[in-house]
2 protein chains.
Amino acid sequence: MMKRSSRMFSMIAVIIAAAFPASALFAQDKPLVIASQGSFFVGGEAKNVPARGGGAQEDITINQMYVQYQSPVNANQHVPVVMVHGCCLSSKTWETTPDGRMGWNEYFVRKGRSVYLADQVSRARSGFDGSKINAVKAGTLAPSELPNVLTASHQTAWSVFRFGPTYGTAFPDGQFPIQAVDELYKQMIPDLNSLLPATNPTWTNMAALAKKLNGAILMGHSESGFFPEQAALIDPSGVRAIISIEMPCVTNFSAAQLSTLAKIPTLIMFGDHLGDIKGGFVNWMDSYEGCQKFVQQIKKADGDAEMMYLPQLGIHGNSHMLMQDKNNLQLADLILTWIDKHVDTKKPARTR
Amino acid sequence: MMKRSSRMFSMIAVIIAAAFPASALFAQDKPLVIASQGSFFVGGEAKNVPARGGGAQEDITINQMYVQYQSPVNANQHVPVVMVHGCCLSSKTWETTPDGRMGWNEYFVRKGRSVYLADQVSRARSGFDGSKINAVKAGTLAPSELPNVLTASHQTAWSVFRFGPTYGTAFPDGQFPIQAVDELYKQMIPDLNSLLPATNPTWTNMAALAKKLNGAILMGHSESGFFPEQAALIDPSGVRAIISIEMPCVTNFSAAQLSTLAKIPTLIMFGDHLGDIKGGFVNWMDSYEGCQKFVQQIKKADGDAEMMYLPQLGIHGNSHMLMQDKNNLQLADLILTWIDKHVDTKKPARTR
C-alpha cells in the first residue's frame, strides 16, 4: 500500500518535473523528519612516522573513510544508498547545489532512503597521509617523491564538466546553473589519490560499509564512478546494487569477475554533450562507448545492467555535474524509479 | 509499524555495538524535525597558478570556508550557533562521539538552535592551496618552502587532549570515552594552517558568516578557541556572543580592542587535569591563567565575561575534548543556560 502510493508519486513527479523547472516544485517548505543521523569512520590503520620535533617514532591513523548519514522514519522499506563523490571534490557534491537548491542527499532521504555520504580516503574529512611532504621538507626524501596535488582549475572544470564549448561560453541548452559556477569552484579541493596504493582503500571501505549496513546500493560519480564495481570485486556480499555515473568503464574483466558483477543490478548514467568538447583532458564519448560495451558484457553474463543515456530519453543539456544540474531532481527520480524496480522489489532479508 | 521500526533500531544497535562497545547508544529515539538544512561556502578568492600539464596559467579558488547547517522549526527564537573545530580535526568534532553518542551539533538543534559547522580554511571540505607542494615537486621552489603538515599522533593526542598522565594510562576519573580512542584518532587529519597568511581567512569568514546570519554566537575550541575574538576584532557587527573553549588567550590587547570585545557577552570553558600532564607540547594551566587574566580585562572594560572552570563547578575528569566526553550533554546544558541568560534575553531584532 505504502509502496504503491510512493511509486505512483514518483511517476507523477517524473511527469511533472519534465514539464516544469524542478526548483519551483520541491521547495523545502515541509519539515524533514530524521529518525537518526550522525557520522563515523570505516577502515583506517596505524602508521609509524617520525615524531613531531624529533625523538621516537609515533603513530598516526591513515586510510580511514569518513561517512555522514541520515535515516528517515521507516527507512527499512528501502535499501540504504551510499554516495561517493568524484575527483577534486568532497561529499559537498551531493548537498545543496551551487545555486542553493536541494541536493540528492536530502531528496533521497525525503524519498524514504537512508543516505550515507563518504569522503574518499585521502580527501576532505577523511584526511590524508602527509608524511611524504614532511619527509621532503626535512630533506630525507627527494622532491620528486612528493604526491601530485590535483586541483581542478576553473578552466579544467569548465571543459571536463562540459559547461560549454570554450571557457566562459556555456551551451545554450546547458542544465548546469552556470550563473553560480563560482560556488562550484569553491567545492574543488586538492585530490591526493596519487598517494594511495593500487587497491584504493576507498574501494575496500565501500565494500565494508555495504556489509556493515547489511546491504547497500553503492553510487559513484566520475573518478569514483566505477568504485562500486571495484568494491564489489573485493567483497560483493553487501553490495545490493551499483549506480555508476559518468566515468570510464573497465572492459577487460575475466569471466569470473563478470560473473560476480552480473549478480548485482547495475545502472549507468551519462549526460549530454559527450562529444561537444574539443581538446579536453577527458573524451566522454569514449567513456560512454566503453560503458556501453561493459553493459553488454554484464548482460551476456545474465546480469541486469542498464545504460541511461539521458539524450536518448529526451532529456537534453545535462553536464557532468548532473546531480547539481537544474533538472537534478528529475534525474534523481529516474534513479529512484530504477531502484524501486530493480532492487527494492528483490530484497531477500527485509520485510516490506 | 512499531514492530518494524523497533526491528530497525535493534539492527542498527547491533551493527554499531559491534564497532563501539559503548553503553548509551541512540539515547534520543525521538525523531529530529528539521526546518531546513544544507551547506555553502563563505569567502574564497581566485588564484592564478601554473596549468596542469604546462601551458598558460589557470585559476583555482582558495581561502573558502565550507559550512554545513541545520535549522529546527521555530529556530528564530534563538540566536544561531557557529561551531569551529580545533587543530588537526574537522567539524566531525561536534558530531557523533567516538563511542557513538550524540554530539553537540544535534543536541543544540534538538534544543531549538540553528547550528552551523565550519571546516577551517585549509582543512577538510574547505580544501587548501596545494600550489607550493606542486612547485617543489616541479623543482621551481625549494623543499624548505613546503608547509609543515601537522598531524597529531596518537601519543601527542593522548598528552595534549589530557586523556591520562602517560600514553596508554588514562586518568581514573577521566570523562573521555577512552575505550573508543581509536575512533578519535581517525578524526585527526593534516593541519595546513602553516600555509595561511597572518590574518587567518577563517577569522574573516567567521565574521562574515555571523553578519550574513544577521547575528550569531561564535564558538571555537583549542586552536580555534580564540578565533571568535579574532573574528569580532575584524568585524563585530554580527557577533552576538563568544564561546571560547580551552585555548591560550591574548592578554595584551589595546584599550580600543578590549572595548570592542567588551560589548560582546563572552563565555570561556576549561576542563580538568590542566596541570596533570608533564612535559607535553601545551601547558594548559598557563592557558587557563592567561584566560583568567583576559576575563578580568574584559570585566574592567565593563564587559560581560565568564570563566567556567569545570572543577570549580564540581564537575571532574573532563578532557580537552569535552564535547566528546561522557558528560558532554551536561556541559552543553551549561552553555545553553548561559546563552539563554546572557544572549537570547538581550536580542534586539528577534522576537521570543
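Relevant structure appears above.
In what follows, the accompanying structure is described. Remember, predicted model here, so these are calculated numbers, not experimental data.

## Focus: the overall build of chain A
Looking only at helices and strands, chain A has eleven helices and eight strands in total. Within chain A, the proportion of its 352 residues that are buried is 63%. A sequence separation of at least 24 residues applies to 75% of the contacts in chain A between residues at least 6 apart. Surface exposure of chain A reaches about 12900 Å², of which carbon and sulfur atoms provide 56%.

## Digging into the state of the cysteines
Residue and element names in this part refer to chain A. In total, this model carries four disulfides over all chains according to the counting rule given. Through a disulfide, Cys 87 is tied to Cys 88; the S-S separation comes to 2.1 Å. When the cysteines of chain A that form disulfides are numbered from the N-terminus onward, they connect as 1-2, 3-4.

## Side note on the packing of helix H9 (residues 255-262) of chain A against helix H10 (residues 284-300) of chain A
Residue and element names in this part refer to chain A. With their axes 9 Å apart at the nearest point, H9 and H10 run at an angle of 85° to one another. When the axes of H9 and H10 are compared, the pair comes out roughly perpendicular. Every residue of H10 that contacts H9 at Leu 258, Leu 261 and Ala 262 is listed here: Phe 294, Gln 297 and Ile 298. A breakdown of the residues in the contact of H9 with H10 according to their chemical character gives five nonpolar, one polar and no charged.

## Quick word on the pairing of strand S1 (residues 32-42) of chain B
One face of the sheet, then the other: side chains in a regular strand alternate in exactly this way. Most of S1(B) is tucked away, with eight of its eleven residues classed as buried. With three bridges joining them, strand S1 (residues 32-50) of chain A and S1(B) adopt antiparallel strand pairing. If you follow A:Ile34 over to S1(B), its bridge partner there is B:Leu32. In the sheet, S1(B) pairs with strand S4 (residues 65-72) of chain B via eight bridges, with the strands oriented antiparallel. In the sheet register, B:Phe41 faces S4(B), and the bridge partner there is B:Tyr66.

## Side note on the relation of the copies chain A and chain B
By a simple turn and slide, chain A fits onto chain B: the slide is 0.0 Å along the axis, the RMSD is 0.0 Å, and the turn is 180°. Put plainly, the chains are arranged around a two-fold axis. Rotation axis and chain A: the residue whose C-alpha lies nearest the axis is A:Ala124, separated from it by 1.8 Å. A shared interface surface links the copies, since 83% of the contact residues of chain A are contact residues in chain B too.

## Some remarks on the interface of chain A and chain B
Counting residues at the interface gives 75 residues for chain A, matched by 72 residues for chain B. Of the roughly 6400 Å² buried at the junction of chain A and chain B (both faces included), carbon and sulfur atoms supply 53%. On the chain A side of the interface with chain B, the three residues burying the most area are A:Arg52, A:Arg125 and A:Lys186, jointly 12% of the side's total. Inspection of the chain A/chain B interface yields 41 residue pairs in polar contact (both at pLDDT 80 or more). Among the elements of the structure, S1, strand S2 (57-72), helix H4 (131-138), helix H5 (154-160) and helix H6 (181-185) of chain A are those that each provide at least two residues to the side of chain A that touches chain B. Per-element accounting of the side of chain A that touches chain B gives the leading share, eleven residues, to S1(A). Residues of the side of chain A that touches chain B, tallied by class, amount to 30 nonpolar, 31 polar and 14 charged.

## Some remarks on the environment of B:Leu32
Relative to the elements of secondary structure, B:Leu32 occurs in strand S1. Note on B:Leu32: relative accessible area 4%, which makes it buried. Apart from the residues lying within four places of it in its own chain, the contact partners of B:Leu32 are A:Leu32, A:Val33, A:Ile34, A:Gln37, B:Gln70, B:Glu106, B:Val109 and B:Arg110.

## Some points on the packing of aromatic side chains
Residue and element names in this part refer to chain A. A full pass over the atoms with the stated rule returns 33 aromatic pairs over all chains. Between the aromatic rings of Tyr 288 and Tyr 309, the centroid separation amounts to 4.4 Å while the plane-to-plane angle is 35°, which identifies the pairing as tilted. Taken together, the residues Tyr 288 in helix H10 and Tyr 309 in strand S8 (residues 305-309) connect sequence positions 21 residues apart. Exposure class is identical for Tyr 288 and Tyr 309. Each is buried.

## Thoughts on the side chain of A:Gln324
Residue and element names in this part refer to chain A. Mapping Gln 324 onto the fold places it in the loop between S8 and helix H11 (328-342). Under the relative-accessibility criterion, Gln 324 is labelled buried at 0%. Leave out the neighbours within four places in its chain, and Gln 324 touches Thr 93, Thr 97, Pro 98, Arg 101, Phe 176, Pro 177, Leu 184 and Gln 187.

## Thoughts on unusual backbone geometry
The phi angle of most residues is negative, glycine excepted, and most peptide bonds adopt the trans form. Residues and elements named next belong to chain A. In this structure, Asn 74 takes a positive phi of about 60° despite not being glycine. Structurally, Asn 74 is set in the loop between S2 and strand S3 (81-84). Of note in this structure, Glu 246 is not a glycine but carries a positive phi near 55°. With respect to the helices and strands, the residue Glu 246 is situated in the loop between strand S6 (239-245) and H9.

## A look at the nonpolar core
Core analysis: the biggest nonpolar cluster contains 184 residues, and A:Trp104, A:Phe108, B:Trp104 and B:Phe108 have the highest contact counts within it. Counting residues per element, this core draws most heavily on H11(A), at eight residues. For B:Trp104, the contacting residues outside a window of four places in its chain are B:Met83, B:Trp94, B:Met219, B:Ile245, B:Leu322, B:Met323, B:Asn328, B:Leu331, B:Ala332 and B:Ile335. Judged by nonpolar contacts, the second largest core, of twelve residues, contains A:Ile133, A:Val136, A:Leu192 and B:Ile133.

## A few points about H10(A)
All names here are of chain A. End to end, H10 covers 24 Å across 17 residues, agreeing with the expected 24 Å (1.5 Å per residue, within 8%). For H10, the complete set of buried residues consists of Trp 284, Ser 287, Tyr 288, Gly 290, Cys 291, Phe 294, Val 295, Gln 297 and Ile 298. Looking at the buried residues of H10, the elements they touch are H5, helix H8 (227-234), H9, strand S7 (266-270) and S8. Looking at where H10 begins, the residue whose side-chain oxygen comes 3.1 Å from the main-chain nitrogen of Met 285 is Asn 283. At the C-terminal side of H10, Asp 302 shows a positive phi close to 70°.

## Points about the pattern of salt bridges
Under the criterion given, the structure shown has 22 salt bridges over all chains. With its nearest N and O atoms 3.0 Å apart, the salt bridge here joins A:Glu183 to A:Lys186. Here B:Arg162 ties to B:Glu246 by a salt bridge, and the two come within 2.7 Å at their closest N and O atoms. Here B:Arg162, found in the loop between helix H4 (154-160) and helix H5 (181-185), pairs with B:Glu246, found in the loop between strand S8 (239-245) and helix H8 (255-262); they are 84 residues apart in sequence, far enough to count as distant.

## What about the environment of B:Pro201?
All names here are of chain B. Take Pro 201: it is sitting in helix H6 (residues 201-212). On the accessibility criterion, Pro 201 (9% relative accessible area) is buried. Taking the C-alpha atoms as reference points, Pro 201 and Val 121, separated by 80 residues in sequence, lie 6.6 Å from one another. Those residues in contact with Pro 201 that sit more than four places away from it in its chain are Asn 63, Val 121 and Leu 196.

## Some remarks on the environment of B:Gln292
Residues and elements named next belong to chain B. Of note, Gln 292 is situated in helix H9 (residues 284-300). For Gln 292, a relative accessible area of 26% corresponds to the partly exposed category. For the pair Gln 292 and Cys 249, spaced 43 residues apart in the sequence, the C-alpha separation amounts to 8.7 Å.

Thresholds, definitions, all that
- Residues numbered from 1 in each chain as written.
- Chains lettered and ligands numbered in written order.
- Predicted model: local features only at pLDDT ≥ 70, side-chain atom pairs only at ≥ 80, totals over all residues.
- Heavy atoms only, no water.
- Helix = DSSP H or I, 4+ residues; strand = E, 2+ residues; numbered from the N terminus.
- Buried < 20%, exposed > 50% of the residue type's maximum accessible area, 1.4 Å probe, protein only.
- Contact = heavy atoms within 4.5 Å.
- Areas by Shrake-Rupley, 256 points an atom, 1.4 Å probe, with all protein chains shown as cover.
- Disulfide = S-S within 2.5 Å.
- Axes fitted to C-alpha atoms, helices over the stretch in contact; angles between N-to-C directions.
- Parallel < 35°, antiparallel > 145°, perpendicular 65-115°, else oblique.
- Nonpolar A, V, L, I, M, F, W, Y, C, P; charged D, E, K, R; others polar.
- Pairing = 2+ DSSP bridges.
- Least-squares fit on C-alpha atoms with pLDDT ≥ 70 in both.
- Buried area = accessible area lost by both parts, 1.4 Å probe.
- Polar contact = N/O pair within 3.5 Å; in protein donor to acceptor, adjacent residues only side chain to side chain.
- Phe/Tyr/Trp six-rings, centres within 6.5 Å; stacked < 30°, edge-to-face > 60°.
- Core = buried A, V, L, I, M, F, W, Y, C linked by side-chain atoms within 4.5 Å.
- Expected span 1.5 Å × (residues − 1).
- Salt bridge = Lys/Arg side-chain N within 4 Å of Asp/Glu carboxyl O.

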